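# Geometric and topological summary
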Amino acid sequence: MPEGPRDQEEPGLDRRLERLEQVVRELEREDLDLEAALRLFEEGVGHVRAAREALARSELAIERLVAEVAGDDPEAGRTAP
């Protein structure tokens, strides 16, 4: 099978956070059995990890853009006294 764009794209940060909120609500149910709770917990951990990675990539991109605009000069953003 040739490699190409993914059939299903990774969910974005907003979708991950929404799903994480759903997972938490489901975990708070009193009638949830242990196996279902464990599956939900594992899913939640996966969403947290992916969200952290997405935030780290965004932070790095912002830092690069700021450095580019500043011309890598730490003094570029300062105004004269």
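Quick note: structure is the one above.
First, a word on scope: everything that follows refers to the structure included in this document. (Residues numbered from 1 in each chain as written. Predicted model: local features only at pLDDT ≥ 70, side-chain atom pairs only at ≥ 80, totals over all residues. Heavy atoms only, no water.)

In terms of helices and strands, the chain carries two helices and zero strands. For the chain, buried positions account for 14% of its 81 residues. Summed over all atoms, the accessible surface of the chain reaches about 7500 Å², with 53% contributed by carbon and sulfur. (Helix = DSSP H or I, 4+ residues; strand = E, 2+ residues; numbered from the N terminus. Buried < 20%, exposed > 50% of the residue type's maximum accessible area, 1.4 Å probe, protein only. Areas by Shrake-Rupley, 256 points an atom, 1.4 Å probe, with all protein chains shown as cover.)

Here the focus is the pattern of salt bridges. Within this structure, the stated rule accounts for four salt bridges. With its nearest N and O atoms 3.2 Å apart, the salt bridge here joins Arg-19 to Glu-26. The class of Arg-19 is partly exposed, set by a relative accessible area of 22%. Across the pair Glu-43 and Arg-19 runs a salt bridge whose closest N-O atoms are separated by 2.6 Å. Of this pair, Glu-43 sits in helix α2 (residues 34–70) while Arg-19 sits in helix α1 (residues 13–27), and the two are 24 residues apart along the sequence. Salt bridges here are not isolated pairs; linked through shared partners, they connect Arg-19, Glu-26 and Glu-43. (Salt bridge = Lys/Arg side-chain N within 4 Å of Asp/Glu carboxyl O.)

Read these as layout, nothing more, since geometry by itself doesn't imply function.
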